[in-house]
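# Structural features, examined
Below, each chain spelled out in residue letters.
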Amino acid sequence: MSKSLIVSGMRSTGKLHFGHYLGVLTNWINLQKDYDCYYFVADWHALTTKFDKTDELRADVENVVLDWVASGINPEKSTIYLQSLVPEIAQLHVYLSMVTPQNWVERDPTLKDMVKILRGDSETEEKPSNICSYGLIGYPVLMTADILTMNADYVPVGSDQLAHLEISRDIARRFNNIYGVELFKEPKPKLTEVPLFKGVDGQKMGKSFHNDIKISDTEEDTSKRIMSGITDRSRMRKTDIGHPDECEVIFDYYKVFAPEKIETVAQECKSATRGCADCKRELCGIVNEYFKEIREKRLELQSKPNLVREIILDGSDRARQRAKEVLKQVKDAVKMYY
Ligand code: TRP
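No experiment lies behind these values; they were computed from the predicted model shown.

What follows deals with the site of the ligand. Lining the immediate surroundings of the ligand are Ser8, Gly9, Arg11, Phe40, Ala42, His45, Tyr139, Met143, Asp146, Ile147, Val155 and Gln161. Within the side chain of tyrosine 139, one N or O atom sits 2.7 Å away from a nitrogen atom of the ligand. Here a nitrogen atom of the ligand and a side-chain polar atom of aspartate 146 are 2.7 Å apart. When the ligand sits alone it has 370 Å² of accessible area, and the protein chains cover 90% of it. Those elements that place two or more of their residues in the shell around the ligand are strand 1 (5–11), strand 2 (36–42) and helix 8 (139–149). It is helix 8 that contributes the most residues to the shell around the ligand, four residues altogether. The residue makeup of the shell around the ligand, split by class, is six nonpolar, four polar and two charged.

Next comes the structure, spelled out in C-alpha coordinates:
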(Lines give C-alpha, C1' and ligand atoms only; values in the text may rest on other atoms or scores of the structure.)
Protein backbone atom coordinates (compact mmCIF):
# COMPACT_ATOMS: atom_id res chain seq x y z
CA MET A 1 0.00 0.00 0.00
CA SER A 2 1.30 3.44 -0.79
CA LYS A 3 1.94 5.85 2.01
CA SER A 4 -0.29 8.82 2.74
CA LEU A 5 1.04 12.08 1.40
CA ILE A 6 2.02 15.06 3.48
CA VAL A 7 2.61 18.60 2.30
CA SER A 8 3.87 21.44 4.39
CA GLY A 9 5.70 24.65 3.79
CA MET A 10 7.45 27.51 5.45
CA ARG A 11 7.78 31.00 4.16
CA SER A 12 11.32 31.94 3.19
CA THR A 13 12.16 33.93 6.28
CA GLY A 14 15.89 33.17 6.33
CA LYS A 15 17.82 31.41 9.08
CA LEU A 16 15.56 29.46 11.41
CA HIS A 17 15.57 29.65 15.20
CA PHE A 18 15.04 27.19 18.04
CA GLY A 19 11.30 27.82 17.98
CA HIS A 20 11.13 26.59 14.38
CA TYR A 21 13.27 23.62 15.23
CA LEU A 22 11.29 22.47 18.26
CA GLY A 23 7.86 23.52 17.02
CA VAL A 24 8.01 22.41 13.41
CA LEU A 25 11.15 20.61 12.28
CA THR A 26 11.26 17.84 14.88
CA ASN A 27 7.73 16.97 13.84
CA TRP A 28 8.53 17.05 10.12
CA ILE A 29 11.54 14.85 10.74
CA ASN A 30 9.43 12.23 12.55
CA LEU A 31 6.78 12.21 9.85
CA GLN A 32 9.37 11.10 7.30
CA LYS A 33 9.20 7.58 8.74
CA ASP A 34 5.57 6.93 7.93
CA TYR A 35 4.59 9.33 5.19
CA ASP A 36 5.54 10.41 1.74
CA CYS A 37 6.61 13.95 2.65
CA TYR A 38 6.69 17.04 0.46
CA TYR A 39 8.28 20.03 2.17
CA PHE A 40 8.64 23.30 0.35
CA VAL A 41 9.82 26.86 0.81
CA ALA A 42 6.97 29.24 0.13
CA ASP A 43 8.74 32.09 -1.61
CA TRP A 44 5.60 33.36 -3.33
CA HIS A 45 3.94 33.54 0.06
CA ALA A 46 6.89 35.59 1.26
CA LEU A 47 6.11 38.06 -1.51
CA THR A 48 2.57 38.59 -0.19
CA THR A 49 4.02 40.82 2.51
CA LYS A 50 7.54 41.52 1.27
CA PHE A 51 7.01 42.15 -2.41
CA ASP A 52 9.25 45.21 -2.22
CA LYS A 53 12.06 43.58 -0.22
CA THR A 54 13.49 40.85 -2.38
CA ASP A 55 17.25 41.44 -2.15
CA GLU A 56 17.72 38.70 0.43
CA LEU A 57 15.11 36.34 -0.99
CA ARG A 58 17.49 33.89 -2.57
CA ALA A 59 19.78 33.73 0.45
CA ASP A 60 16.74 33.33 2.68
CA VAL A 61 15.54 30.33 0.68
CA GLU A 62 18.94 28.65 0.84
CA ASN A 63 19.29 29.28 4.56
CA VAL A 64 15.93 27.70 5.26
CA VAL A 65 16.85 24.60 3.28
CA LEU A 66 20.27 24.37 4.95
CA ASP A 67 18.59 24.43 8.34
CA TRP A 68 16.12 21.75 7.28
CA VAL A 69 18.70 19.37 5.93
CA ALA A 70 21.16 19.93 8.78
CA SER A 71 18.35 19.26 11.25
CA GLY A 72 17.44 15.95 9.65
CA ILE A 73 15.02 16.47 6.79
CA ASN A 74 16.46 13.93 4.41
CA PRO A 75 16.37 15.05 0.76
CA GLU A 76 16.50 11.42 -0.40
CA LYS A 77 13.45 10.49 1.62
CA SER A 78 11.44 13.69 1.46
CA THR A 79 10.86 15.92 -1.51
CA ILE A 80 12.29 19.32 -0.69
CA TYR A 81 11.29 21.96 -3.19
CA LEU A 82 10.81 25.63 -3.92
CA GLN A 83 7.30 26.87 -4.58
CA SER A 84 8.29 29.20 -7.42
CA LEU A 85 10.05 26.33 -9.22
CA VAL A 86 6.74 24.51 -9.53
CA PRO A 87 4.75 26.77 -11.85
CA GLU A 88 1.84 24.33 -11.76
CA ILE A 89 1.07 25.74 -8.31
CA ALA A 90 0.52 29.19 -9.80
CA GLN A 91 -1.63 27.72 -12.55
CA LEU A 92 -3.77 25.83 -10.10
CA HIS A 93 -4.05 29.01 -8.05
CA VAL A 94 -5.73 30.68 -11.04
CA TYR A 95 -8.30 27.90 -11.39
CA LEU A 96 -8.99 27.79 -7.67
CA SER A 97 -9.30 31.56 -7.42
CA MET A 98 -12.21 31.40 -9.88
CA VAL A 99 -14.25 28.99 -7.76
CA THR A 100 -13.45 30.59 -4.42
CA PRO A 101 -16.18 32.96 -3.23
CA GLN A 102 -14.73 36.32 -2.29
CA ASN A 103 -16.27 36.31 1.17
CA TRP A 104 -14.55 33.05 2.08
CA VAL A 105 -11.17 34.73 1.96
CA GLU A 106 -12.41 37.96 3.48
CA ARG A 107 -13.69 36.05 6.49
CA ASP A 108 -10.41 34.21 7.14
CA PRO A 109 -9.38 35.33 10.66
CA THR A 110 -5.70 34.50 10.16
CA LEU A 111 -5.62 36.64 7.06
CA LYS A 112 -7.39 39.44 8.89
CA ASP A 113 -4.67 39.33 11.52
CA MET A 114 -1.96 39.51 8.88
CA VAL A 115 -3.61 42.53 7.31
CA LYS A 116 -3.95 44.18 10.69
CA ILE A 117 -0.29 43.69 11.53
CA LEU A 118 0.76 44.93 8.13
CA ARG A 119 -1.38 48.03 8.32
CA GLY A 120 -0.49 48.70 11.94
CA ASP A 121 -2.99 48.60 14.75
CA SER A 122 -3.11 52.24 15.57
CA GLU A 123 -5.81 54.18 13.83
CA THR A 124 -3.79 57.35 13.89
CA GLU A 125 -0.74 55.76 12.34
CA GLU A 126 -0.32 56.66 8.69
CA LYS A 127 0.23 53.60 6.56
CA PRO A 128 -0.01 53.62 2.82
CA SER A 129 -3.25 52.07 1.66
CA ASN A 130 -1.40 50.11 -1.00
CA ILE A 131 0.50 47.97 1.51
CA CYS A 132 -2.12 45.26 1.37
CA SER A 133 -2.05 43.67 -2.07
CA TYR A 134 -4.50 41.62 -4.08
CA GLY A 135 -1.98 38.78 -3.77
CA LEU A 136 -2.13 38.91 0.00
CA ILE A 137 -5.91 38.50 -0.04
CA GLY A 138 -5.30 35.36 -2.07
CA TYR A 139 -2.94 33.94 0.59
CA PRO A 140 -5.26 31.08 1.63
CA VAL A 141 -6.07 30.27 -1.99
CA LEU A 142 -2.39 30.06 -2.88
CA MET A 143 -1.88 27.87 0.15
CA THR A 144 -4.71 25.67 -1.08
CA ALA A 145 -2.99 25.44 -4.46
CA ASP A 146 0.20 24.31 -2.69
CA ILE A 147 -1.66 21.52 -0.99
CA LEU A 148 -3.89 20.46 -3.85
CA THR A 149 -1.18 20.39 -6.53
CA MET A 150 0.19 17.49 -4.55
CA ASN A 151 -3.30 16.27 -3.61
CA ALA A 152 -2.13 15.82 -0.04
CA ASP A 153 -3.85 13.72 2.62
CA TYR A 154 -2.42 15.60 5.59
CA VAL A 155 -0.94 19.00 6.28
CA PRO A 156 1.11 19.40 9.46
CA VAL A 157 0.51 22.91 10.74
CA GLY A 158 0.29 24.93 13.92
CA SER A 159 -3.10 26.00 15.20
CA ASP A 160 -2.66 29.48 13.68
CA GLN A 161 -2.98 27.91 10.24
CA LEU A 162 -6.21 26.02 10.86
CA ALA A 163 -8.44 28.75 9.49
CA HIS A 164 -6.55 28.73 6.19
CA LEU A 165 -6.78 24.97 6.02
CA GLU A 166 -10.50 24.99 6.55
CA ILE A 167 -10.80 27.17 3.47
CA SER A 168 -8.61 24.68 1.63
CA ARG A 169 -11.03 21.87 2.39
CA ASP A 170 -13.98 24.02 1.34
CA ILE A 171 -12.28 24.91 -1.93
CA ALA A 172 -11.40 21.27 -2.65
CA ARG A 173 -15.01 20.24 -2.07
CA ARG A 174 -16.38 23.09 -4.13
CA PHE A 175 -14.11 22.36 -7.07
CA ASN A 176 -15.15 18.71 -7.04
CA ASN A 177 -18.84 19.68 -6.86
CA ILE A 178 -18.78 22.28 -9.57
CA TYR A 179 -16.97 20.11 -12.09
CA GLY A 180 -18.54 16.83 -11.01
CA VAL A 181 -15.26 15.09 -10.25
CA GLU A 182 -13.71 13.37 -7.30
CA LEU A 183 -10.31 14.77 -7.96
CA PHE A 184 -9.23 16.51 -4.79
CA LYS A 185 -9.00 14.98 -1.37
CA GLU A 186 -9.98 17.21 1.50
CA PRO A 187 -6.63 17.81 3.19
CA LYS A 188 -6.70 17.15 6.92
CA PRO A 189 -4.62 19.08 9.41
CA LYS A 190 -2.05 17.27 11.47
CA LEU A 191 -1.83 19.51 14.46
CA THR A 192 1.46 20.06 16.16
CA GLU A 193 0.49 21.31 19.55
CA VAL A 194 3.83 22.03 21.10
CA PRO A 195 3.91 24.74 23.73
CA LEU A 196 5.23 27.99 22.43
CA PHE A 197 8.99 28.19 22.76
CA LYS A 198 9.92 31.51 24.28
CA GLY A 199 12.96 33.69 23.98
CA VAL A 200 15.02 34.14 27.14
CA ASP A 201 13.29 37.50 27.67
CA GLY A 202 10.00 35.67 28.13
CA GLN A 203 8.42 36.88 24.88
CA LYS A 204 7.52 34.68 21.95
CA MET A 205 10.73 33.78 20.14
CA GLY A 206 11.01 35.61 16.85
CA LYS A 207 13.38 37.47 14.61
CA SER A 208 11.34 40.65 14.99
CA PHE A 209 11.61 40.49 18.78
CA HIS A 210 15.42 40.26 18.58
CA ASN A 211 15.38 37.45 21.10
CA ASP A 212 15.85 34.47 18.83
CA ILE A 213 18.63 31.92 18.97
CA LYS A 214 19.28 30.54 15.54
CA ILE A 215 20.12 26.99 14.64
CA SER A 216 23.11 28.44 12.79
CA ASP A 217 24.31 30.71 15.61
CA THR A 218 27.74 30.10 17.09
CA GLU A 219 28.14 28.63 20.55
CA GLU A 220 29.37 32.01 21.77
CA ASP A 221 26.29 33.84 20.50
CA THR A 222 24.03 31.18 21.94
CA SER A 223 25.69 31.46 25.33
CA LYS A 224 25.56 35.24 25.29
CA ARG A 225 21.85 35.11 24.63
CA ILE A 226 21.17 32.59 27.36
CA MET A 227 23.30 34.47 29.90
CA SER A 228 21.20 37.57 29.22
CA GLY A 229 18.06 35.72 30.30
CA ILE A 230 15.95 37.03 33.13
CA THR A 231 16.16 35.09 36.36
CA ASP A 232 14.76 35.47 39.87
CA ARG A 233 14.67 39.24 40.47
CA SER A 234 14.23 38.90 44.21
CA ARG A 235 17.43 36.97 44.54
CA MET A 236 20.46 39.24 44.97
CA ARG A 237 23.04 36.76 46.18
CA LYS A 238 23.61 33.09 45.63
CA THR A 239 23.06 32.54 49.34
CA ASP A 240 19.52 33.90 49.03
CA ILE A 241 16.93 31.22 48.56
CA GLY A 242 15.86 30.91 44.90
CA HIS A 243 12.42 30.58 43.37
CA PRO A 244 12.48 28.37 40.28
CA ASP A 245 8.98 29.57 39.36
CA GLU A 246 10.38 33.06 38.86
CA CYS A 247 12.75 31.72 36.25
CA GLU A 248 10.06 30.31 34.06
CA VAL A 249 12.00 30.63 30.85
CA ILE A 250 15.33 29.25 32.00
CA PHE A 251 13.42 26.46 33.63
CA ASP A 252 11.50 25.74 30.45
CA TYR A 253 14.77 25.46 28.59
CA TYR A 254 15.93 22.86 31.09
CA LYS A 255 12.65 21.02 30.60
CA VAL A 256 13.20 20.85 26.86
CA PHE A 257 16.93 20.25 26.67
CA ALA A 258 17.70 18.35 29.87
CA PRO A 259 14.49 17.08 31.47
CA GLU A 260 16.46 14.63 33.59
CA LYS A 261 18.15 17.52 35.42
CA ILE A 262 15.06 19.46 36.29
CA GLU A 263 14.57 18.13 39.82
CA THR A 264 18.14 18.65 40.85
CA VAL A 265 18.13 22.14 39.44
CA ALA A 266 14.98 23.11 41.35
CA GLN A 267 16.30 21.54 44.52
CA GLU A 268 19.66 23.29 44.36
CA CYS A 269 18.03 26.60 43.51
CA LYS A 270 15.62 26.45 46.44
CA SER A 271 18.35 25.47 48.84
CA ALA A 272 20.63 28.26 47.62
CA THR A 273 23.40 25.94 46.49
CA ARG A 274 22.98 26.87 42.84
CA GLY A 275 23.38 30.47 41.70
CA CYS A 276 21.53 31.98 38.76
CA ALA A 277 24.67 32.59 36.73
CA ASP A 278 25.92 29.05 37.32
CA CYS A 279 22.51 27.74 36.38
CA LYS A 280 22.54 29.60 33.07
CA ARG A 281 26.16 28.70 32.41
CA GLU A 282 25.34 25.03 32.72
CA LEU A 283 22.37 25.54 30.41
CA CYS A 284 24.62 27.10 27.75
CA GLY A 285 26.69 23.93 27.70
CA ILE A 286 23.60 21.75 27.48
CA VAL A 287 22.03 23.72 24.66
CA ASN A 288 25.25 23.96 22.66
CA GLU A 289 25.79 20.24 23.03
CA TYR A 290 22.21 19.61 21.87
CA PHE A 291 22.79 21.51 18.62
CA LYS A 292 26.42 20.53 18.10
CA GLU A 293 25.90 17.88 15.45
CA ILE A 294 23.29 19.89 13.58
CA ARG A 295 25.57 22.89 13.50
CA GLU A 296 28.53 20.87 12.32
CA LYS A 297 26.44 19.31 9.59
CA ARG A 298 25.19 22.74 8.55
CA LEU A 299 28.74 24.04 8.18
CA GLU A 300 29.68 20.99 6.17
CA LEU A 301 26.69 21.35 3.82
CA GLN A 302 27.41 25.01 3.43
CA SER A 303 31.01 24.38 2.48
CA LYS A 304 30.01 22.33 -0.56
CA PRO A 305 29.43 24.73 -3.39
CA ASN A 306 26.06 24.37 -5.06
CA LEU A 307 24.89 21.53 -2.83
CA VAL A 308 21.80 23.30 -1.46
CA ARG A 309 20.96 24.54 -4.91
CA GLU A 310 21.13 21.01 -6.26
CA ILE A 311 18.92 19.72 -3.49
CA ILE A 312 16.35 22.40 -4.28
CA LEU A 313 16.46 21.87 -8.04
CA ASP A 314 16.30 18.12 -7.77
CA GLY A 315 13.39 18.15 -5.32
CA SER A 316 11.53 20.72 -7.37
CA ASP A 317 11.87 18.48 -10.43
CA ARG A 318 10.31 15.63 -8.51
CA ALA A 319 7.54 17.82 -7.15
CA ARG A 320 6.80 19.01 -10.68
CA GLN A 321 6.29 15.48 -11.93
CA ARG A 322 3.46 15.02 -9.51
CA ALA A 323 2.10 18.53 -9.97
CA LYS A 324 1.90 18.05 -13.75
CA GLU A 325 -0.28 14.99 -13.40
CA VAL A 326 -2.65 16.75 -11.05
CA LEU A 327 -2.81 19.81 -13.24
CA LYS A 328 -3.68 17.74 -16.28
CA GLN A 329 -6.63 16.29 -14.38
CA VAL A 330 -7.67 19.80 -13.32
CA LYS A 331 -7.65 21.06 -16.89
CA ASP A 332 -9.61 18.03 -18.02
CA ALA A 333 -12.18 18.66 -15.30
CA VAL A 334 -12.53 22.31 -16.34
CA LYS A 335 -12.64 21.17 -19.98
CA MET A 336 -9.60 23.12 -21.00
CA TYR A 337 -7.82 20.48 -22.95
CA TYR A 338 -6.13 21.88 -25.95
N1 TRP B 1 1.12 29.74 5.72
C2 TRP B 1 2.14 28.85 6.23
C3 TRP B 1 2.83 29.55 7.40
O4 TRP B 1 2.90 30.75 7.45
C5 TRP B 1 3.14 28.49 5.18
C6 TRP B 1 2.51 27.74 4.06
C7 TRP B 1 2.32 28.16 2.77
C8 TRP B 1 2.00 26.41 4.12
N9 TRP B 1 1.73 27.20 2.03
C10 TRP B 1 1.50 26.12 2.82
C11 TRP B 1 1.90 25.46 5.14
C12 TRP B 1 0.89 24.89 2.54
C13 TRP B 1 1.29 24.23 4.86
C14 TRP B 1 0.81 23.95 3.57
O15 TRP B 1 3.33 28.86 8.26
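Further notes follow.
Every α-helix winds through 3.6 residues per turn, so residues three or four apart in the chain are directed the same way. Across the 11 residues of helix 8, 11 count as buried, placing the element largely inside the fold. The complete set of buried residues in helix 8 reads Tyr139, Pro140, Val141, Leu142, Met143, Thr144, Ala145, Asp146, Ile147, Leu148 and Thr149.

Right, let's get into the domain arrangement of the chain. By convention, interface size is frequently given as the accessible area that disappears when the constituent parts associate. Parsing the chain into structural domains produces domain 1 (5–197 + 305–334) and domain 2 (216–290). Computed from C-alpha atoms alone, the centre-to-centre distance between domain 1 and domain 2 is 37 Å. Contacts between the two partners involve six residues from domain 1 and, on the opposite side, seven residues from domain 2. Taken over both partners, the interface formed by domain 1 and domain 2 buries close to 510 Å², and the fraction arising from carbon and sulfur atoms is 75%. It is Phe18, Leu22 and Phe197 in domain 1 that bury the most area against domain 2; as a group they hold 68% of the surface buried on that side. Taken together, domain 1 and domain 2 are joined by zero salt bridges. Scanning the region where domain 1 abuts domain 2 turns up zero residue pairs in polar contact (both at pLDDT 80 or more). Broken down by class, the residue content of the side of domain 1 that touches domain 2 amounts to four nonpolar, no polar and two charged.

A separate point is the packing of helix 3 (residues 57–71) against helix 13 (residues 276–303). Packed helix pairs are specified by the crossing angle of their axes together with the interaxial distance, meaning the distance between the axes. In the contact formed by helix 3 and helix 13, the axes pass within 8 Å of each other and the chain directions differ by 130 degrees. In terms of orientation, helix 3 and helix 13 fall into the oblique class. The two elements helix 3 and helix 13 meet at a crossing, and its hand is right-handed. In this structure, helix 3 uses Asn63, Leu66, Asp67, Val69, Ala70 and Ser71 to contact helix 13, whose residues at the interface are Ile294, Lys297, Arg298, Leu301 and Gln302. Its residues placed into classes, the contact of helix 3 with helix 13 shows five nonpolar, three polar and three charged.

Right, let's get into the pattern of salt bridges. Taken as a whole and assessed by the stated rule, the structure comprises 20 salt bridges. We note a salt bridge from glutamate 186 to arginine 173, for which the minimum N-O separation is 3.0 Å. With glutamate 186 in the loop between helix 9 (162–179) and strand 5 (188–191) and arginine 173 in helix 9, the pair connects residues that are 13 residues apart, well separated along the chain. Taking the relative accessible area as the measure of exposure, arginine 173 reaches 36% and is therefore partly exposed. Glutamate 248 is the partner of lysine 198 in a salt bridge, and the nearest nitrogen-oxygen pair spans 3.1 Å. Of this pair, lysine 198 sits in the loop between strand 5 and helix 10 (219–227) while glutamate 248 is found in helix 11 (residues 248–257), placing the two residues 50 residues apart along the sequence. On the basis of relative accessibility, which here comes to 25%, the residue lysine 198 falls in the partly exposed class. Among the residues examined, glutamate 248 registers a relative accessible area of 41% and is labelled partly exposed. Put simply, Lys261, Glu268, Arg274 and Glu282 are held in one network by salt bridges that share partners.

What counts and what doesn't
Residues numbered from 1 in each chain as written. Predicted model: local features only at pLDDT ≥ 70, side-chain atom pairs only at ≥ 80, totals over all residues. Heavy atoms only, no water. Near = heavy atom within 4 Å. Polar contact = N/O pair within 3.5 Å; in protein donor to acceptor, adjacent residues only side chain to side chain. Areas by Shrake-Rupley, 256 points an atom, 1.4 Å probe, with all protein chains shown as cover. Helix = DSSP H or I, 4+ residues; strand = E, 2+ residues; numbered from the N terminus. Nonpolar A, V, L, I, M, F, W, Y, C, P; charged D, E, K, R; others polar. Buried < 20%, exposed > 50% of the residue type's maximum accessible area, 1.4 Å probe, protein only. Domains from an automatic or database assignment. Contact = heavy atoms within 4.5 Å. Buried area = accessible area lost by both parts, 1.4 Å probe. Salt bridge = Lys/Arg side-chain N within 4 Å of Asp/Glu carboxyl O. Axes fitted to C-alpha atoms, helices over the stretch in contact; angles between N-to-C directions. Parallel < 35°, antiparallel > 145°, perpendicular 65-115°, else oblique. Left-handed = near helix turned anticlockwise from the far one by under 90°.

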